[in-house]
Each structure stands twice: as structure tokens, then as C-alpha cells.
Amino acid sequence: MSKNLIEGVEARRLAGAIRALSMDAVEQAKSGHPGMPMGMADAATILFSQFLKFDASAPRWPDRDRFVLSAGHGSMLLYSLLYLTGYEDMTLEEIKRFRQLGSKTPGHPEYGHAEGVETTTGPLGQGLANAVGMAMAEAHLNARFGDALVDHRTWTIVGDGCLMEGISHEAIALAGRQKLSKLIVIWDDNSISIDGAISLADTTDQKARFAASGWNVLACDGHDVEDIARAFEAATKSDRPVMVACKTVIGFGAPKKAGTAHAHGEPLGAEELAAAKKAIGWERGPFEIPGDVAAAWRKIGARGAGEREAWSARLKTSSKRDSFEAAMDDDAVGAALEALAKHARATAQTKPSLATRASSGAAIEAMFAALPELMGGSADLTGSNLTRPKSGAEDFTPENRAGRYVRYGIREHAMAAAMNGMALHGGVIPYGGTFLSFADYSRPAIRLAALMGIRVIHVMTHDSIGLGEDGPTHQPVEHLAALRAIPNLCVFRPADAVEAAECWQAAIARSWGPSVLALSRQATPALRPDASENLSARGAYEIRAAEGGLARVALFATGTEVALAVAARDVLQAEGVPTRVISVPCFELFEEQDEDYQDAVLGEVDVVRIGVEAAIGQGWYEMFGLSDFIGMAEFGASAPAKDLYAHFGITAEAIVEAAKALL
């Protein structure tokens, strides 16, 4: 069938509907980016009508192709497609409410606002790395469940900005190494950014860059539907990931603004909009779609129904149905939670003195077999993060897609964003390791995971000056506070092996947001004599009670500093000062507790309250109403950990002196 005629309608008219809706919505909002949807309308029309496997009536079909608009500023391209193909919640009214409060059509695509939006994009390059993660998840699940249940592609449209961002280099290299043959990147090669011509800032040969990373590189005229179809067809036959360089004109059809930066991020204006519609043969009023064009697009949206129904029939008779449905169920983690609870109880009996990174590794080992969806990895720090179980964790490679451990290389940002893609895909619960000081590399992706409300677990070791000799470049000081500032992110800092298991349990159970486990390099003593209840899930709890009367001092601490607080408490108790210690493994979970519980943990207001953490005190005073804080006020130094704690005054003796001074 000619690609020029689709469902009995010319392709240019189908693409015209995308262009018209995009122009009209941006014009009505007096805000937005019309140029990219106008330029990519032809390629999107061919993709959705001929290649993308989807059924608009079943947007959560697990075996659908994933489509990611990495160039999220062109969001009206996606919203137009969702409306035209018949996604139920993307109505014409929502198109008209583009960029308005409470609409399903925000300025950049946001996961969870409308069906068909696979991820939140806008920060350029993130969607590209998400797509890499989605393709990895598909490859892994295909190995686990077979072609009958998992056999789909991941497509993403990227812009010049996506490819200039550093994360693109990491993501492209990772995908090339993994030979993700079902990943297809469509580059909107329009040579324009906000400032003007791309050549003002960049002369990179993008095709050569992809090729150098092991990709198959194709090219097409982005306004020739036959050429587009040829390139996409070839892309589906590749044994490597594919980049299709789609040469387009930004703002296609706009007589004065096409091919210029003026088409990028501002409404065309009434006069230019009318002229553009005339130029593309679309002389209709705002938001008007001819009946034959609307009907053709709805047929496109329904063309995958038969394939979906066949898939559903296969699932019903599959011997793997139960395990597949469990994998796709975010809450089917009961066996892992029980394995961790059992491990915590055993640890409370054996009382190991371990670095909390080692305790975390033991927790991973304890639950790995019970949670086949768990897929780990590290950014070239496996031996330091202790993220790879000793048994059952084969590497995920092109030769072994069933492997559950990813060697991400020194690519923290791409690792974090790819894990977002895995979580969004479904069927995988990703975790990945690096040093806490490198959270800054991962932060943009962590923030987006929190915004989307997806379960991604970041294992971040070497969590303080306690890492010692590597010095201040590697010693986190401000990182805990910076991470705690991100809404919907749980930051865990366990005090011992029992708390490490409990924090893992809380992170696994939390399907609605990401978590960070901040873990020590240095050993810390066992503190919890009992693990019959997950106290860490409360965020804060009394780990040592005051004796000999009402408490006069309350010490609040996290991680390895809880042991210091306990030692200080013992000294104060011996001197007749009743002192209690509160372990605070997670600020965010404590904030979620009811007022009565919080009041009970905080205790009386007229006691001396001291916080202890080998980090800056930002957030501590507000959370706990402190009288004083023992921690860091500057960067660290290169020395053995014990010397550093003494040098910076984070010791049991310093806590005792501070308490006495305030009594």
C-alpha cells in the first residue's frame, strides 16, 4: 500500500491534522513550541499508522510498543496523536486546555496525567535514556517470558538538544554496548535551537557519533513519506540499535518562521498561523478536523486491536501467565518482604558489626531469589557498592538477556535515567549503585522519578567522611540535605544490619516513589536487639530509652552516628543524666506518621535535643526542634576515618560536652 494514502486519506492531510492542532493549541495558550510538531508531523504520521504497535483502547497493554517523546517541548505532537488516534481521556477539550491548570496537556508531557504518555520529558536527553531502559527491560522480559508474551520495540523522537546534553553520550554508549536491536531513535534533524542555528554552538557529526557507539545509522527526508517509511522499515530489521536521522524543517509550512528559531518556542501569531494553514492546504477554523481525516486517524488507533486480542488469548493459555501477571503487578512483592523480615530477625540474633554497605549487600542476597523482578547494577563500583549477589546474579548482556545485573560503566546519569525507563516499562524493579557524592550526577533523573512516582532504588555507599582517605572530593557533606529536599524521595540512612534490611523492605514496598539508601564504608556495631517489627518504616523511633527518670536529653542520629549517640547516652546516664536516643533512618517516613506518634518520638519540648549526622545540619532543626547539632559545617579532608571524626568533632565526647553545656 502506498504510504501516500493511509486508510483512504492522503498522508499529508493526516499530518496536517497534527500541524493544525499543534498550531491552534499553542496559539490559544499564548505559549508553547509549535515548530517541532509541525516539522515532525510527517514522520509521526508514518510511525503511528504503519509501524507502532499499539491499541488506543488499551493503553496499558503490556506488549505495546513504547513511544517516548524525548524532545518534550514538542508535547503537542504527542497530545495531537493521542487525541486523533482515540485515547479516551485525551479529548478535544483537553487539547484546547493546553498548558492550563489541571489539564491533561501540560507544557511538557507528564507521566500519569494522560494515558499514552509513557514518561515525563522536557529536561532534554532524559527521554532518550528512559528509552534505553525500556528497551533493556523488554529484552530481559523477552528472555524470561518468550516472544509470545514480550516482543515489542521502543521508539523515541529526540531533538538536537537531547543529543547535545551529556546524558545522551552515556545513554548511546550503553545501548550500543548492549546491542539493543529493538530500540529506534528518530532524530529530528532540523538544525535549530532556541538561540538560532545549531552551528552557533555545535558542529558534532551525530551520525558518526552513533556509529562509533555501535549503532546502525540511517537517514531520510523527514517530509517525504515514502522515504520515511523506507528508513523505518530498514530500522526494524537491524541487529543493533538504530538512529534514523530525519531531516526536517522546523515550523514546516509557516511562510516567515519555518526554518528559524522563531518557530521553536513561541506562538506563530494569528497572521502567520493563517498563512501556514493555507500553505499546507488546511483552511479550517481552530481545532476543526475534517470527518474523513478524523475517521482515518481513529482507524489507525484501532489497527492494533486484533494483535492485542491475539496476545491476550496467548496469555490466557500460557504456562507463564501467573508469573507474568505477578511481574507486571507493582504490589506483588510479598515474598521479598517476608524474606527481608526473616533476614532482619536472623541478623538481630547474630548481631554482626558491619559496614552498612555490607549489610545492604546481605539484604539483597536474602531477597534476590524471592523477587525475580529485581534487576541490579552499578556504575563501575560493584565491589564497593556490594550490589551484586554472590548467587543467582548473572550479568545482563547481549548474550544473556536473562541476566539480572547490569554493568552500567561510569555512567551514573544514564544509569539513573535508564532505571527510570525500566520501572516505567514494568516487569522490572531496578536498583543501581554508586557513591553518595556522585548523587549529583544522577540527580536530574532522581528528581524525575520522584515527580513521576515510580519505584527506583539507588544504592549510594561511602556516605560520609567515614570513607576516609579518598578525601573531600568523594566525601558527601551536603548531599543528604540536597536529596531530602526532593519531594516524594525517601532517603534512608540505616544504623546497623537490622536497619539496613528494614530500609530495603520499606524501599521495595514503596511502589509510588524512588528511594536512596545511603550506606557506610566503615563498620558500625549492631544496635538493635529485636526485629519483630520494622521500626525503620516509621522513619524514626526510640532505640534507647532514658533510665532513672524523665529524659533530660534526647539524641537524634542517623547511620553510623547512631552508635556515637548511644555511646554518649551511656556516658550521660552514668553521670545521672537520663538520656534517650532516637534513630532516624528516614526523615520522609517520619513526616508521614500521625501526630501522636511524632509527638511520642520527639518527647517533651523542654529537654535538650541534639542532632548527630556527619553531614550539614540543613533540615535538622526544623524537623526535630533541636537545641544543637553535631555534624559538618565544611568540606572534609583526606585522612583515616577515625582521625576525621575527631578532627571535625563528631564524637561521643563532643556530644556529651554539648549536652552538658545546654543542661
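A few points on the structure. (Residues numbered from 1 in each chain as written. Predicted model: local features only at pLDDT ≥ 70, side-chain atom pairs only at ≥ 80, totals over all residues. Heavy atoms only, no water.)

Observations concerning a negative patch on the surface
A surface patch of like charges, here negative, comprises Asp594, Glu595, Asp596 and Asp599. The topology assignment puts glutamate 595 in helix α23 (residues 595-602). In this structure glutamate 595 comes out as exposed when scored by relative accessible area, which is 60%. (Patch = residues over 30% accessible without salt bridge, like charges linked within 9 Å, V, L, I, M, F, W, Y side chains within 5 Å. Areas by Shrake-Rupley, 256 points an atom, 1.4 Å probe, with all protein chains shown as cover. Salt bridge = Lys/Arg side-chain N within 4 Å of Asp/Glu carboxyl O. Lys, Arg positive; Asp, Glu negative; His and termini not counted. Charge placed at Lys NZ, Arg CZ, Asp CG, Glu CD. Helix = DSSP H or I, 4+ residues; strand = E, 2+ residues; numbered from the N terminus. Buried < 20%, exposed > 50% of the residue type's maximum accessible area, 1.4 Å probe, protein only.)

Description of the packing of helix α5 (residues 126-145) against helix α7 (residues 166-178)
Where α5 contacts α7, the axes come no closer than 8 Å and their chain directions differ by 20 degrees. Between α5 and α7, the angle is such that the two are roughly parallel. For the pair α5 and α7, the crossing hand works out as left-handed. Contacts between α5 and α7 pair Gln126, Leu128, Ala129, Val132 and Met136 from the former with Ile167, Ser168, Ala171, Ile172, Leu174 and Ala175 from the latter. (Axes fitted to C-alpha atoms, helices over the stretch in contact; angles between N-to-C directions. Parallel < 35°, antiparallel > 145°, perpendicular 65-115°, else oblique. Left-handed = near helix turned anticlockwise from the far one by under 90°. Contact = heavy atoms within 4.5 Å.)

Digging into the nonpolar core
One finds Phe232 and Trp297 to be the most contacted residues of the largest nonpolar core, which totals 70 residues. Top element by residues in this core is helix α1 (residues 11-29). It accounts for 11 residues. Excluding residues that lie within four positions of it along the chain, tryptophan 297 makes contacts with Leu14, Ala17, Ile18, Thr45, Phe48, Leu81, Leu84 and Thr85. Counting 57 residues, the second-largest nonpolar core is a separate cluster that includes Ala129, Ala139, Leu174 and Ala423. (Core = buried A, V, L, I, M, F, W, Y, C linked by side-chain atoms within 4.5 Å.)

Re the sheet that holds strand β22 (residues 628-630)
Spatial ordering of the open sheet is given by β18-β20-β19-β21-β22, a layout of five strands whose pairing is mixed. Sheet topology places β18 (541-544) and β22 at the edges, where each strand pairs with a single neighbour. Pairs of neighbouring strands in the sheet enclose a mean axial angle of 30 degrees, with direction left out of account. Looking at chain direction, strand β19 (residues 553-557) and strand β21 (residues 608-612) are connected through five bridges and run parallel. Directly across from valine 553, in β21, lies its bridge partner valine 608. (Pairing = 2+ DSSP bridges.)

A word on the packing of helix α2 (residues 35-51) against helix α3 (residues 75-85)
Put simply, α2 and α3 touch, their axes get as near as 10 Å, and they point 40 degrees apart. Relative to α3, the element α2 is oriented oblique. Crossing handedness for the pair α2 and α3: right-handed. Here Met36, Pro37, Met40, Ala41, Ala44 and Phe48 of α2 lie close against α3, whose contacting residues are Met76, Leu77, Leu81 and Thr85. The residue makeup of the contact of α2 with α3, split by class, is nine nonpolar, one polar and no charged. (Nonpolar A, V, L, I, M, F, W, Y, C, P; charged D, E, K, R; others polar.)

Concerning the pattern of salt bridges
Applying the stated criterion across every chain, the model contains 32 salt bridges. Linking arginine 230 and aspartate 227 is a salt bridge whose minimum nitrogen-to-oxygen distance equals 2.8 Å. Of the two residues, arginine 230 and aspartate 227 are both situated in helix α9 (residues 225-235); the distance of three residues between them amounts to about one turn of the helix. With its nearest N and O atoms 3.2 Å apart, the salt bridge here joins arginine 345 to glutamate 338.

A look at the layout of surface pockets
A volume near 720 Å³ is recorded for the largest pocket. Every residue lining the largest pocket is counted, 36 residues in all, and those nearest its centre are Arg60, Arg64, Tyr111, Asp330 and Leu424. Sorting the residues of the lining of the largest pocket by element identifies α13 (321-327), α17 (412-425) and β13 (429-435) as the ones contributing at least two each. No other element matches the three residues that α17 contributes to the lining of the largest pocket. (1 Å grid on protein atoms, 1.4 Å probe; cavity = no way out; pocket = protein on both sides within 12 Å on 5 of 7 lines; lining within 4 Å. Points joined across faces, edges and corners; volume = space filled by probe spheres on them.)

Points about helix α10 (residues 270-279)
Listed in full, the buried residues belonging to α10 are Glu272, Leu273, Ala276 and Lys277. Along the axis of α10, the buried residues cluster in a sector spanning 135 degrees; they form a single face. More than 90 degrees from the buried face of α10, the exposed residues found are Ala270, Glu271, Lys278 and Ala279. The inward-facing, buried residues of α10 contact α1 and α2. (Arc of directions from axis to C-beta.)

Re the packing of aromatic side chains
On inspection of all chains with the given rule, the structure shows 20 aromatic pairs. Each ring, one from tryptophan 620 and one from phenylalanine 629, has its centre 5.5 Å from the other, and the planes form 45 degrees; the classification is tilted. For tryptophan 620, a relative accessible area of 0% translates into the label buried. Clustering of aromatic rings is evident, with ring pairs tying together Phe556, Phe587, Phe590, Tyr597, Trp620, Phe624 and Phe629. The ring of tyrosine 405 carries the charged tip of arginine 388 above its face, separated from the ring centre by 5.7 Å. Here the basic side chain of arginine 404 rests over the ring of phenylalanine 368, its NZ or CZ set 3.7 Å away from the ring centre. (Phe/Tyr/Trp six-rings, centres within 6.5 Å; stacked < 30°, edge-to-face > 60°. Lys NZ or Arg CZ within 6 Å of the ring centre and 35° of its normal.)

Some details on the pairing of β13
Burial within β13 is extensive, with seven of its seven residues counted as buried. Pairing of strand β11 (residues 374-378) with β13, which is carried by three bridges, proceeds in the parallel orientation. Residue pairing across strands places serine 378 opposite glycine 433, the latter belonging to β13. What joins β13 to strand β14 (residues 457-461) is helix α18 (residues 439-452), and the crossover it makes is right-handed. (Right-handed = clockwise from strand over helix to strand, strands pointing away.)

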